[in-house]
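Coordinate inspection notes
Below are the chains, spelled out letter by letter.
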Amino acid sequence: MSPASMTQKYSTISPSLAVGHDEPDRNLALELVRVTEAAAIAGGHWVGFGDKNTADGAAVDAMRSFLQTVHFNGVVVIGEGEKDEAPMLFNGERVGDGTGPEVDVAVDPIDGTRLTALGINNALAVLAVAERGSMFDPSAVFYMEKLVTGPEAADMVDLRLPVKQNLHLIAKAKGVKVNQLNVMILDRDRHRPLVEEIREAGARTKFIMDGDVAGAIAAARSGTGVDALMGIGGTPEGIVAACAIKSLGGVIQGRLWPTSDEEKQKAIDAGHDLERVLSTNDLVSSDNCYFAATGITDGDLLKGVRYSKDKVLTQSIVMRSKSGTIRFVEGEHQASKWEGYARKN
């Protein structure tokens, strides 16, 4: 075989990994990590100071500044609110440097503002990106009922089934007994009946105060000690988690959960079927999406922001669904370069 023919054979990229000229490419992943690192470093200065709004504001400001340097033409579809309510990272705001692929952007500068304020585990800076028009619009209903599990049982579970049946299906898929399962759930009064069902089925519960994006990822990843996430949480967080689960190979299922007659009517007027179970692909239809997160406080997924004499240390995760690649990124940042984001005493 000639050198030319060998080059032709072995340099051909798999069609499943190729991206078009106008699609987000693999180089975007590390650009997104820079954004979440900035938000985490800015918010990290406020860990344990009891002021969640100031912490969130610092993270939002840093994330917004760094987003403007990213090579894409983005629109925030999941942000900090409407323009008249939140001057930074509002829904519909254009972000990026205006060149490159057109994308939907979901931001959560601090997933877990209360966790940050109180110095509790599992606060993250989070960012998700997908091709334009591929993210579900969460504006009609703020909450949804969720079921998340890993790839072993992804094709077996169904949110419409009784809790006990889903738990038995997960146990069967994983080759364990039901009493070996851990189910993560937000610690809310509304979940008391669900907690009773889980325990009556024989499984164990693991409560989290906030931050169900991290909880969903833990449920979908192996080796976390979490087998499923169940319960009612934010619809925007469900969509962000779906971008990660696209890479992890698990499943998230959701059913809209209006909290009032007014919100129910708003959803109906928007054309939503409130009985429909939304799948991972319904929440994010693109197969070329990205998820990036940086730890603010220590947690099940990532270490939080740490400080040494002259360095700020971060740990991040970035996922790309096109290739199914998951990378952990350890960052060492010169503290003097980030003094502008430091808390002023």
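Residues numbered from 1 in each chain as written. Predicted model: local features only at pLDDT ≥ 70, side-chain atom pairs only at ≥ 80, totals over all residues. Heavy atoms only, no water.

An unreviewed UniProt entry lists the protein chain under the name Fructose-1,6-bisphosphatase, with Pseudarthrobacter defluvii as the source organism. Taken directly from UniProt, the Sequence similarities (unreviewed entry) text for the protein chain runs: "Belongs to the FBPase class 2 family." Per UniProt, the protein chain has the following entry under Pathway (unreviewed entry): "Carbohydrate biosynthesis; gluconeogenesis." (UniProt positions renumbered as here; feature names shortened; annotations may be inferred.)

Secondary structure assignment for the protein chain yields 10 helices and 13 strands. When the 345 residues of the protein chain are sorted by exposure, 51% land in the buried category. Restricting the contact set of the protein chain to residue pairs at least 6 apart, pairs at least 24 apart contribute 69%. Working note: accessible area of the protein chain is about 16,000 Å², and carbon and sulfur atoms make up 47% of it. (Helix = DSSP H or I, 4+ residues; strand = E, 2+ residues; numbered from the N terminus. Buried < 20%, exposed > 50% of the residue type's maximum accessible area, 1.4 Å probe, protein only. Contact = heavy atoms within 4.5 Å. Areas by Shrake-Rupley, 256 points an atom, 1.4 Å probe, with all protein chains shown as cover.)

Side chains of a nonpolar character, in soluble globular proteins, are inclined to be buried together. Membership of the largest hydrophobic core comes to 46 residues, with the highest contact counts inside it found for Val148, Ile217, Leu283 and Phe291. Elements with a minimum of two residues in this core: β4 (124-131), β5 (143-149), β6 (182-186), α7 (212-220), α8 (235-248), β9 (251-256), β10 (290-295) and β12 (311-320). With 8 residues, the top contributor of residues to this core is α8. Sequence-distant contacts of isoleucine 217, defined by excluding residues within four places in its chain, comprise Ala244, Leu248, Phe291, Leu301 and Met319. By size, the runner-up hydrophobic cluster in this structure holds 41 residues, among which are Leu28, Trp46, Val95 and Val105. (Core = buried A, V, L, I, M, F, W, Y, C linked by side-chain atoms within 4.5 Å.)

Looking now at the pairing of β12. Counting buried positions along β12 gives 8 out of 10 residues, so the element sits mostly inside the fold. As paired elements, strand β11 (residues 306-307) and β12 share 2 bridges and run antiparallel to each other. Each residue of the ladder has a partner; that of arginine 306, found in β12, is leucine 313. Linkage of β11 to β12, two consecutive antiparallel strands, is achieved through a turn of 3 residues. (Pairing = 2+ DSSP bridges.)

Glancing now at the side chain of glutamate 263. By the secondary structure assignment, glutamate 263 is in helix α9 (residues 261-269). Of the side chains bearing the opposite charge, lysine 266 lies closest to the buried glutamate 263, which forms no salt bridge; the N-O distance is 6.6 Å. For glutamate 263, the side chain forms a polar contact with the main-chain nitrogen of threonine 259, separated by 2.7 Å. Beyond its immediate stretch of four places on either side in the chain, glutamate 263 contacts Ala140, Val141, Phe142, Trp257 and Pro258. (Lys, Arg positive; Asp, Glu negative; His and termini not counted. Salt bridge = Lys/Arg side-chain N within 4 Å of Asp/Glu carboxyl O. Polar contact = N/O pair within 3.5 Å; in protein donor to acceptor, adjacent residues only side chain to side chain.)

A few words on the pattern of salt bridges. Between side chains of opposite charge, pairing is possible as soon as their charged atoms come close. Counted under the stated rule, the structure contains 15 salt bridges. A salt bridge links arginine 132 to glutamate 102; its shortest N-O distance comes to 3.7 Å. A residue pair is termed long-range when its members are at least 10 positions apart, and arginine 132 in the loop between β4 and β5 and glutamate 102 in strand β3 (residues 102-111) qualify at 30 residues. By relative accessible area, which is 30% here, arginine 132 ends up partly exposed. Exposure remark for glutamate 102: the relative accessible area of 44% places this residue in the partly exposed category. Between aspartate 210 and arginine 114 there is a salt bridge, and its shortest N-O distance comes to 2.9 Å. With aspartate 210 in the loop between β7 (204-208) and α7 and arginine 114 in helix α4 (residues 113-118), the pair connects residues that are 96 residues apart, well separated along the chain. For arginine 114, a relative accessible area of 34% puts it in the partly exposed group. Each member of the salt-bridge network shares a partner with another, and the members are Glu102, Asp104 and Arg132.

This part covers the sheet that holds β5. Read from one edge to the other, the open sheet built from 5 strands follows the order β7-β6-β8-β5-β9, with strand pairing classed as mixed. Lying at the two open borders of the sheet, with one neighbouring strand each, are β7 and β9. When strand polarity is set aside, the average angle formed by the axes of neighbouring strands in this sheet is 20°. Looking at chain direction, β6 and strand β8 (residues 228-234) are connected through 2 bridges and run parallel. (Axes fitted to C-alpha atoms, helices over the stretch in contact; angles between N-to-C directions.)

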